[in-house]
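For reference, the chains in residue letters:
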Amino acid sequence: MSKPFQAIGDVINTSSRHKQQSFQEIYGEPENFLEIEVRNPQTHGYGSGLYTDYEIVCRTNIPAFKKRSSRVRRRYSDFVALRRILEHETTRVIIPPLPGKILLSSNRFNDVNIEQRRQGLEKFISVVSGHPLLQTGSKTLIDFIQSEHWDARAAYY
């Protein structure tokens with residue numbers, strides 16, 4: 001004679017296997033996190049001296065970073081210098097491309113082009129800063145993201 005049907009919970013004691021998670025474990029800060037944004041583009045100067053810079057906002061608890069949160073401003077040319085330095089520092093990591101230069105100077109500072117560049121710079125810095133070898137092995141990357149006084153010439157030499 002066969003046994004009557006039993007619910008799986010009655011057959012297997014699941015309560016002893018799974019520890020009840022605390023509120024902190026469910027909603028607390030993850031063990032390692034890195035949030036990075038490129039935002040708030042601002043155009044400065046006038047005439048042929050116009051340029052746009054971008055705010056880089058970083059929040060992290062990764063030990064390689066000196067600060068848990070930071071805000072710095074960088075120009076496109078700073079990103080170009082960072083990419084060149086990172087390529088020089090390591091041959092083990094492929095550094096992704098930056099968004100391209102805007103060739104028509106009359107359209108260079110319109111909102112659409114600035115937003116497209118901002119998105120491309122955010123993608124670039126997110127990929128680069130998220131790479132474990134660069135996080136732990138590149139002081140230049142950390143300084144670029146967190147130091148208000150970052151200088152490409154000083155970092156390169």
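Residues numbered from 1 in each chain as written. Predicted model: local features only at pLDDT ≥ 70, side-chain atom pairs only at ≥ 80, totals over all residues. Heavy atoms only, no water.

S.K.: Please provide a residue-by-residue account of the packing of helix α4 (residues 111–130) against helix α6 (residues 139–146), values included.
M.R.: α6 packs onto α4 with a crossing angle of 135° between their chain directions and a minimal axis gap of 11 Å. In terms of orientation, α4 lies oblique with respect to α6. Crossing geometry of α4 relative to α6 is assigned as left-handed. Here α4 contributes Ile125, Val128 and Ser129 to the contact with α6, which in turn contributes Leu141, Phe144 and Ile145. (Axes fitted to C-alpha atoms, helices over the stretch in contact; angles between N-to-C directions. Helix = DSSP H or I, 4+ residues; strand = E, 2+ residues; numbered from the N terminus. Parallel < 35°, antiparallel > 145°, perpendicular 65-115°, else oblique. Left-handed = near helix turned anticlockwise from the far one by under 90°. Contact = heavy atoms within 4.5 Å.)

S.K.: Any details on the pairing of strand β3 (residues 69–75)? Residues and values, ideally.
M.R.: Of the two faces of β3, the one holding Ser70, Val72 and Arg74 is buried and the one holding Ser69, Arg71, Arg73 and Arg75 is not buried anywhere. Pairing of strand β2 (residues 51–60) with β3 involves seven bridges; the strand directions are antiparallel. Note on β3: the bridge partner recorded for Cys58 is Ser70. (Buried < 20%, exposed > 50% of the residue type's maximum accessible area, 1.4 Å probe, protein only. Pairing = 2+ DSSP bridges.)

S.K.: I'd love a proper account of the pattern of salt bridges, names of residues and values included.
M.R.: In this structure the tally under the stated criterion is eleven salt bridges. Between Arg39 and Glu37 there is a salt bridge whose closest N-O contact spans 3.6 Å. For Lys139, the salt bridge identified is with Asp143, shortest N-O distance 2.7 Å. Of the two residues, Lys139 and Asp143 both sit in helix α6, four residues apart, roughly one turn of that helix. A relative accessible area of 57% places Lys139 in the exposed class. Each of Glu35, Glu37, Arg39, Glu55, Arg59 and Arg71 takes part in a single network of salt bridges with overlapping partners. (Salt bridge = Lys/Arg side-chain N within 4 Å of Asp/Glu carboxyl O.)

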